[in-house]
2 protein chains.
Amino acid sequence: MMNYSTGQAEYKNWCVAEERFDSQFLGKAEAIFSLGNGYMGARSTTEERYVGEVRNTFVAGTFNRFAENEVTELPNVADVIAMEFFFNGTRFDLTLGKIHHYKRQLDLKRAELVREVDWEAPTGERYVLEFRRFVSLADRHLVGQRITITPLQETTLRVISGINGQVTNSGVQHFIEGEKRLYEEVYLQQVQKTTESKIDFVLNTTHRFMKQDTPVQVKGLIQMDRRKIVYDFKQIALQANEPFVIEKLSTIHTSRDNDQRQADYTLESLREESLTELKEAAAAGYEAKFHQHSAEWDQRIWSALDIEIEGDDGFDQLAIRFAQYHMTVMTPAHDHRMNIGAKGLSGEGYKGHTFWDTEIFLLPYFIYTQPKVAKSLLEYRYQTLPGAHRKALENGYEGAMFPWESAWLEDGEVTPVYGAADIVTGTATKIWSGFIEQHITSDVAFATWQYYQITGDETFMEESGYELILDTAKFWSSRLEWNDAAKQYHINQVIGPDEYKEHVNNNAFTNYTAHWNIQKAMEYKTVLEQTKPALYERLDEKMNLAKAFAKWEECLPLLYLPAIREDGVLPQDDTYLSKEIIDLTKYKQQTHVGSLFEDYNLEQVNEIQVSKQADVMILFYLLEDLFDQKTKQANWSYYEPKTLHDSSLSLSTHCVLASDMGETDLAYDLFSRAARIDLGPNMKTSDHGIHAASLGGIWQSVVNGFGGVRMLNGQLRINPRLPKAWDRLAFPIHWQGERLECTVTRDTLDIKQVTGGQPVSFTHDGNLYTIEREIQLTLQPQVSETR
Amino acid sequence: MMNYSTGQAEYKNWCVAEERFDSQFLGKAEAIFSLGNGYMGARSTTEERYVGEVRNTFVAGTFNRFAENEVTELPNVADVIAMEFFFNGTRFDLTLGKIHHYKRQLDLKRAELVREVDWEAPTGERYVLEFRRFVSLADRHLVGQRITITPLQETTLRVISGINGQVTNSGVQHFIEGEKRLYEEVYLQQVQKTTESKIDFVLNTTHRFMKQDTPVQVKGLIQMDRRKIVYDFKQIALQANEPFVIEKLSTIHTSRDNDQRQADYTLESLREESLTELKEAAAAGYEAKFHQHSAEWDQRIWSALDIEIEGDDGFDQLAIRFAQYHMTVMTPAHDHRMNIGAKGLSGEGYKGHTFWDTEIFLLPYFIYTQPKVAKSLLEYRYQTLPGAHRKALENGYEGAMFPWESAWLEDGEVTPVYGAADIVTGTATKIWSGFIEQHITSDVAFATWQYYQITGDETFMEESGYELILDTAKFWSSRLEWNDAAKQYHINQVIGPDEYKEHVNNNAFTNYTAHWNIQKAMEYKTVLEQTKPALYERLDEKMNLAKAFAKWEECLPLLYLPAIREDGVLPQDDTYLSKEIIDLTKYKQQTHVGSLFEDYNLEQVNEIQVSKQADVMILFYLLEDLFDQKTKQANWSYYEPKTLHDSSLSLSTHCVLASDMGETDLAYDLFSRAARIDLGPNMKTSDHGIHAASLGGIWQSVVNGFGGVRMLNGQLRINPRLPKAWDRLAFPIHWQGERLECTVTRDTLDIKQVTGGQPVSFTHDGNLYTIEREIQLTLQPQVSETR
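Just so it is clear, the model here is predicted, and its values are computed rather than measured.

Rules used throughout
- Residue numbering note: each chain is counted from 1, following its sequence as written.
- Chains and ligands are labelled by the order in which they are written, letters from A for the one and numbers from 1 for the other.
- Per-residue local features are limited, in this predicted model, to residues with pLDDT of at least 70; the limit for side-chain atom pairs, both in listing and counting, is 80 or more; totals at the level of whole chains, interfaces and linings are taken over all residues.
- Side-chain numbers here rest on the full set of heavy atoms in the structure, without hydrogens or water.
- UniProt positions are given in the numbering used here, feature names are shortened, and annotations may be inferred rather than shown by experiment.
- The secondary structure listing takes helices from DSSP runs of H or I that are at least 4 residues long and strands from runs of E that are at least 2 residues long, numbered from the N terminus.
- The least-squares superposition of copies is restricted to C-alpha atoms, and to residues with a pLDDT of at least 70 in both copies.
- Contacts between residues were defined by any pair of non-hydrogen atoms, one from each residue, lying within 4.5 Å.
- Put simply, buried area is how much 1.4 Å-probe accessible surface two parts lose in total, over both of them, once they are put together.
- When a carboxyl oxygen of Asp or Glu lies within 4 Å of a side-chain nitrogen of Lys or Arg, that pair is called a salt bridge.
- Type-normalised accessible area, obtained with a 1.4 Å probe on protein chains alone, sets the label of each residue: buried when under 20%, exposed when over 50%, and partly exposed for intermediate values.
- Arc definition: it is the arc formed by the directions from the helix axis to the C-beta atoms.
- When DSSP locates at least two bridges between a pair of strands, those strands are taken to pair.
- Only four residue types enter the tally: Lys and Arg on the positive side, Asp and Glu on the negative side, with His and both chain ends excluded.
- As used in this structure description, the phrase polar contact means that two N or O atoms lie within 3.5 Å; if the pair is within protein, one of them must be able to donate a hydrogen and the other to accept it, and residues adjacent in sequence are counted only when both atoms belong to side chains.
- One confidence number per residue, pLDDT, is output by the predictor and ranges from 0 to 100.
- In summary, the pairing rule links any two rings of Phe, Tyr or Trp, Trp by its six-membered ring, whose centres are within 6.5 Å, and it sorts them by plane angle into stacked for under 30 degrees, edge-to-face for over 60 and tilted for everything else.
- Whether a charge sits over a ring depends on NZ of Lys or CZ of Arg being within 6 Å of the ring centre and within 35 degrees of the ring normal.
- Candidate patch residues must exceed 30% relative accessible area and have no salt bridge, after which like charges are joined if within 9 Å and Val, Leu, Ile, Met, Phe, Trp or Tyr side chains if within 5 Å.
- For the accessible areas, the method is Shrake-Rupley and the probe is 1.4 Å, while residue cover comes only from the protein chains on display.

Before going further, it helps to spend a moment on the UniProt feature "domain: Glycoside hydrolase family 65 C-terminal" (unreviewed entry) in chain A. In this numbering, the UniProt entry assigns the feature "domain: Glycoside hydrolase family 65 C-terminal" (unreviewed entry) to residues 710-770 of chain A. Across residues 710-770 of chain A, the secondary structure splits into 0% helix and 61% strand, with the terminal C-alpha atoms separated by 16 Å.

Next up on the list: the relation of the copies chain B and chain A. Least-squares fitting of chain B to chain A yields an RMSD of 0.0 Å, with the transformation described by 0.0 Å of translation along the axis and a rotation of 180°. With respect to symmetry, the two chain copies, as superposed, fit the operation of a two-fold axis. By residue overlap, the copies meet face to face through one surface: 100% of the interface positions of chain B are interface positions in chain A.

Let's shift gears to the interface of chain B and chain A. On the side of chain A, 47 residues touch chain B, which itself brings 47 residues to the contact. If you sort the residues of chain B by the area they bury against chain A, Val 51, Met 224 and Arg 226 of chain B come out on top, with a joint share of 18%. Scanning the region where chain B abuts chain A turns up six salt bridges. Of all the secondary structure elements, the ones that give two or more residues to the side of chain B that touches chain A are strand E7 (90-91), strand E13 (175-183), strand E17 (221-225) and strand E21 (418-421) of chain B. Per element, the largest residue contribution to the side of chain B that touches chain A is seven residues, and it comes from E13 of chain B.

This brings us to helix H12 (residues 533-543) of chain A. Residue and element names in this part refer to chain A. What H12 keeps buried is the set Leu 535, Tyr 536, Leu 539 and Met 543. Each buried residue of H12 lies within a common arc of 100° when the element is viewed along its axis, so the set occupies one face. For H12, the exposed residues lying more than 90 degrees away from the buried face are Pro 533, Ala 534, Glu 537 and Glu 541. Where H12 is buried, its residues meet helix H10 (458-479), helix H11 (508-531) and helix H13 (545-555). Among the residues trailing H12, Asn 544 stands out with phi positive, at a value near 50°.

What follows concerns the UniProt feature "domain: Glycoside hydrolase family 65 central catalytic" (unreviewed entry) in chain A. Here, the residues flagged by UniProt with the feature "domain: Glycoside hydrolase family 65 central catalytic" (unreviewed entry) are residues 321-700 of chain A. The span residues 321-700 of chain A is 51% helix and 3% strand, and its two end C-alpha atoms sit 13 Å from each other.

With that out of the way, let us pick up the pairing of strand E29 (residues 748-753) of chain A. Residue and element names in this part refer to chain A. Pairing of strand E28 (residues 738-745) with E29 involves five bridges; the strand directions are antiparallel. Paired with Cys 742 across the bridge in E29 is Ile 751. Remark: two residues form the turn of the hairpin made by E28 and E29, two consecutive strands paired antiparallel. As defined by bridge partners, E29 adjoins strand E32 (residues 774-778) across five bridges and the pair is classed as antiparallel. Residue pairing for E32: Leu 749 is matched across the bridge by Leu 777.

Let us now look at the side chain of Asp 573 of chain B. Residues and elements named next belong to chain B. Relative to the elements of secondary structure, Asp 573 occurs in the loop between helix H13 (545-555) and helix H14 (585-588). Among buried Asp, Glu, Lys and Arg side chains, Asp 573 stands out as unpaired, with Lys 579 the closest opposite charge at 5.2 Å. Within the local environment of Asp 573, its side chain forms a polar contact with the backbone nitrogen of Tyr 576, the two atoms lying 2.7 Å apart. In contact with Asp 573, not counting residues within four places along its chain, are Lys 501, Val 504, Asn 505, Asn 506 and Asn 507.

Attention now moves to the side chain of Glu 624 of chain A. The topology assignment puts Glu 624 of chain A in the loop between helix H16 (616-622) and helix H17 (629-639). Beyond its immediate sequence surroundings of up to four residues, Glu 624 of chain A is in contact with Leu 619, Lys 632, Asp 660, Arg 710, Leu 712 and Arg 717 of chain A.

A separate point is the sheet that holds strand E18 (residues 228-238) of chain A. Residues and elements named next belong to chain A. Across the sheet, five strands lie side by side as E7-E6-E12-E18-E17; this open sheet has antiparallel pairing. Every interior strand has two partners, whereas the edge strands, strand E7 (90-91) and strand E17 (221-225), have only one. By the bridge criterion, two bridges tie strand E6 (residues 83-87) to E7 in an arrangement that is antiparallel. Note on E7: the bridge partner recorded for Phe 86 is Arg 91.

Turning our attention to the confidence of the model for chain A. Low-confidence regions, as indicated by low pLDDT, have predicted coordinates that should not be scrutinised in detail. Per-residue pLDDT for chain A averages 95, and the proportion of residues at 70 or more is 98%. This prediction of the complex comes with two scores: 0.95 for pTM and 0.94 for ipTM.

A separate point is the pattern of salt bridges. Pairing is possible between side chains that carry opposite charge, provided their charged atoms lie close to one another. Under the criterion given, the structure shown has 112 salt bridges over all chains. One salt bridge in this structure joins Arg 20 of chain B and Asp 22 of chain B, with 3.4 Å as the shortest N-O distance. Two residues, Arg 728 of chain B and Glu 310 of chain B, come together in a salt bridge whose shortest N-O distance is 2.8 Å. Taken together, the residues Arg 728 of chain B in strand E27 (residues 728-735) and Glu 310 of chain B in strand E20 (residues 308-310) connect sequence positions 418 residues apart. Residue class for Glu 310 of chain B comes out partly exposed when judged on its relative accessible area of 35%. Connected through shared salt-bridge partners, Asp 107, Arg 110, Glu 112, Arg 132, Arg 146, Arg 208, Glu 247 and Glu 287 of chain A make up one network.

Attention shifts here to the pairing of strand E21 (residues 418-421) of chain A. Residue and element names in this part refer to chain A. Inspection of the sheet shows E21 paired to strand E22 (residues 428-430) by two bridges, in the antiparallel sense. Within the sheet, the bridge partner assigned to Ala 421 lies in E22 and is Ala 428. Taken together, E21 and the strand that follows it, E22, pair antiparallel across an intervening segment of six residues, in which Gly 426 is found at a positive phi of about 80°.

In this section: the packing of aromatic side chains. Each aromatic ring pair is characterised by the separation of its centres together with the angle its planes make. Tallying each qualifying case throughout the model produces 104 aromatic pairs over all chains. Each ring, one from Trp 356 of chain A and one from Phe 361 of chain A, has its centre 5.6 Å from the other, and the planes form 90°; the classification is edge-to-face. Judged by its relative accessible area of 3%, Trp 356 of chain A falls in the buried class. Overall, Phe 361 of chain A belongs to the buried group, its relative accessible area being 1%. Considering the side-chain rings of Tyr 231 of chain B and Phe 233 of chain B, the 4.9 Å spacing of their centres and the 20° angle between planes classify their relative orientation as stacked. There is no split in this pair, since Tyr 231 of chain B and Phe 233 of chain B are both buried. Across the ring face of Trp 408 of chain A, the terminal group of Arg 256 of chain A is positioned such that the distance to the ring centre comes to 3.6 Å. The ring of Phe 315 of chain A has Arg 676 of chain A lying over it, and the distance from NZ or CZ to the ring centre is 3.8 Å.

Attention shifts here to a nonpolar patch on the surface. Residue and element names in this part refer to chain A. Together, Val 417, Tyr 418 and Phe 435 line one region of the surface with nonpolar side chains, adding up to about 280 Å² of accessible area. Residue position: Phe 435 is located in helix H8 (residues 433-436). Relative accessible area serves as the criterion here: at 36%, Phe 435 is assigned to the partly exposed category.

Here you go:
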């Protein structure tokens, strides 16, 4: 079980802690405590090994494909974290002996993992250990570990530590073994190369030992095994009660690094450079490097972006920081050839692939707080256009058909084709998302537009943004199918956001967003032609815009938009509302997601009125001005009881909508559940990695939901609705290049514009306001929240 | 620690047992308890997992190469052994809670692994478990497991069991994942294909549950993960004190199987066939299949080949059975395209490769006891001739230059190029064996001749044997280097049997056996020309024997054979005797082999008078009639003190020689050490697998050493010398197609010829005897054994 209130004084609500060691639930802490800096991410495995552990370290963007019948994935780099300890010959292993004190915590403020153990070995001997670890935000190639061992009696310590390249991705080995080498008797180096993408990896590690702050020499024996180089420090005599410190500093570099793209790249130079960097870090030592790292966190994240929540017991404050922490460590902000994986860099789940999770769930955070990072993430999509064109062509369409799962720039579609067991047929279930979950294309267009509206970044639009919106619209117009009976264009055989409905026709979300996409393209085509002729010419040459426009003009009015029924319900697709309704109570009360599949296979689920996640609801969220409150209410009442929230992309959307509807209690309940997807008591949910989109969803719930921040038709709107549990919410946002600091209390909305540009306007409760440095509004008492 | 006297009554001296569980020494039991049938071998990992375990299953001959810079190796097949057990949610794990009773034993007689555990969970609940397991000698594709669980209180059992293809060879994944499939709700199947050699593997498994001998249905949930298909039997209600039985039967088939070489092979048919075989086994059940298996062991091995040793405490009796057991499970007797790996099929060590270990250390056992198996192993060498020719050509030589390490037929040389760390340079040590350890070629020729002399198998000689001897001689004559100063042919820059001396000139073993090889070829060339003209013509066409013979005639008299010095010492090579002599006491007393390399690198070791293993000694053993007793004594006195026996190929040779010299006490001491290479108290020696050659060496020590059996110039000689510890030794041997049963007591040698062919002659103490059904000789009292 996790504890969320362990931070003291200045660290209050900054720490997530585990206060009991249970080797049956290693994955939880490995994932939610994972460290990283966007360049690399490392699961927080313990130094010593346990059955069931998953020792993962990933470097963003270094995709490799193991075999023809697999998809590309982030390879699990050689492990530098592992260290074996023996005390008088007994292996340090917390499942043995007795634990007198145990605490492991992730300090979000300093991005440090700290573990304290007071361990009684099965022999009765007693050892106090402190483990500290960071992955540097200041030096992206650097991993630091510092272990302090205090034996309560004399002991002989043995430490085996080095670089272990025997790790795999669940058995898949992505690396060809390169040279292993010891330099100057202290620096261990191992080289690896990915099998297919041929990316060089160079790992270095070194150790330093100290007694009472004085460095001591420890004799070790260098050992090489397959893919493994370790030092065996066999006989270290420790005195009773005298702390002994081991510092281990490691570096990871790859030939894919964007500071390595010179024409004169050689593996030799990478090896030298990485070794030099390690030597410099070693000369500085753990504490100095850690200080630089935590200062960088303070400057780049916490001083600039901290959100304050006051009133509850502190969990909500911790949860939003936890979300911001992970959105920082998972995001390759340094390289616009890379994007965010659905599990960040914290596990093998989804193979490091990028989904619509980025555009719809994570990008809002970056657009509103770190527009440069948001831009980099959209540039990634722009650079994957060749793959999107290829996918369109292969499917008989035009324009840009974005892959459902996306990896390296040229990879195109990388969704695996087979998944979990089908309990009826006994075979693996076919995954159709890569073929027919097509709304990703309008999601990218929508995010591009949203970025533009919120930042006003015309340069980006000229370089990439307009093309993205036009090219995606080209796809949609080629994708439409003429239905001669209805005299309409339909979009058949798709999967909408709700993945429990496959091969449906006219999914509302898909049709409406495709319609929006074409409409937006038509609008920009006209504007560009009139206002930016040179750009227009360049884009026209690429995409034949005149011809595309004619097609758009023809099809847009005929594109079928599912109509709202008399009872207010918008049909999710052509057949959903006519499918069987079953008693879902058992599954609504499930303790683990996906319990439905213990009784039904996907084919059967397809025929029941049951949803995995927000579908119509997320349409309401993205295009909220198309639908009135009554419609939203009616659909909530219809769909939510049929929605199992089996996707982590569901709760936060529902939270924001509930808040919009004035159902603040309900919204807070949904927020609380969303915030516990990773942080909650279920010890198995995060085994394959944290839920990136749900962390974006926490921010969305806080800022878009309770903070009431929205961009509507290019206009900032702020309608906050503070949950009862909170007294105060303060958050920064960026709007059109200006930084606004918003503070919401029960009675007031205070906004400071702390940058000195054009005064920002916004609407609140239907009125337009302009901020001249600061504005303070009195909030209306919230309406009764009973329905 | 192992216990060797656990077998009771008819199982006395048949069982090797482990009576304490220590998770720090898993490798020992995994290797020495390993099961197999020559087709496949499986390390005896426990069902439940532990840190440090090595879960290996290999199918003989299915070599694959992972990457260009690696050598081919036996791939680690998906694991069917693993099963996870949870009692009321607590994972069964012997490192937790308390063990009230523990015994794991390998019953050699029935080739069954049995584990008994009385375990108190950390919750205080108590469970009695019995695990039984076999790899069938009767059905080579079949693995059986039977687990009986008796809870001492009511409990809910959860079992997760299936097929796990996430295993690797120390991180190297040799398989492309194939389909996973559940048939008829009970049969799990997983397909794998090796990445480069494209061998299909099909694994099937199924479970059966019983309460009090009555089959019961247990509901499970099928689960598929990457390379993994398992059943999760989540809720099995067990009554207190009521035994619950789980039977798991599994099959492994591959497209390399020699019953699958039809032109119409398809993966589909292999899948069907393997599934059918599993269904048949499941219909019969564990007990019936186990009975067939143990009956096969009795008939094929123990009734036919048992060796009896009486007098000591039983360890020696057990040791010879242990050797015979492993020589059975490791040897792919069913397929003459395969040979024995240096670690059998019991570990990743030496990658499943075949060395001279087969010819010099293992083949004598098979020649004397199972000539058909010996023939198959030599046929393998014959079939690898193309690779041997290629190696010769690539090195500028002629004829057959056999690879130092050999794998699949066409692979040629597969010795890896880099090994352990060089403590001086910090780089990996280069392994020169594949380039210059050339005596393997005369070893093959010698073994061929030995097989022929002992079996009289003229058919084999005509089909393969003569060609092997002639072709290897062609290599040697092309290999010789003319030394103009000495007016002699030399063999420079080689490694002899002693691998601590690299790049030496005129290694005595190499030169003498090369000389022998050419001499033998000349002899056979002449005989064939005269007596088998058709065969001669065929071989002459292949090898141009006339030209080869001319070359042999020219070079044989000029081939330098190192001369014995005045003090009787035969120089191991040109420079050994002039190298530095250091105090080796520390290393002679080492507790683990290779301790020398903690102080010196190989380059430095090369300059010291220190030997890894028998070198001159093994020359004396193979060509014993070339050297007199005095010479043997003198060289023993010189070399043995400088020999660290760091190779498992050293002690048994020394034992046989000591016995030959009449030093029976010393011989027994060496035997005792040799017999403990795998069975001894050192818990780390066998981690990478059992020592195949040393097990052959145990047999050699017993039969060639104490039994005094030797083939000398085609004549059987039997000069037994019983160690003091023994009262009686009885062993069978085959000679020229006849079976002889030899019984040695302190005073008598009794030989029965139990087959009715030509009466066998033999020499004993210099006299010639002929066996007419039975002969009994009185032995001379042994001479004093002090030197």
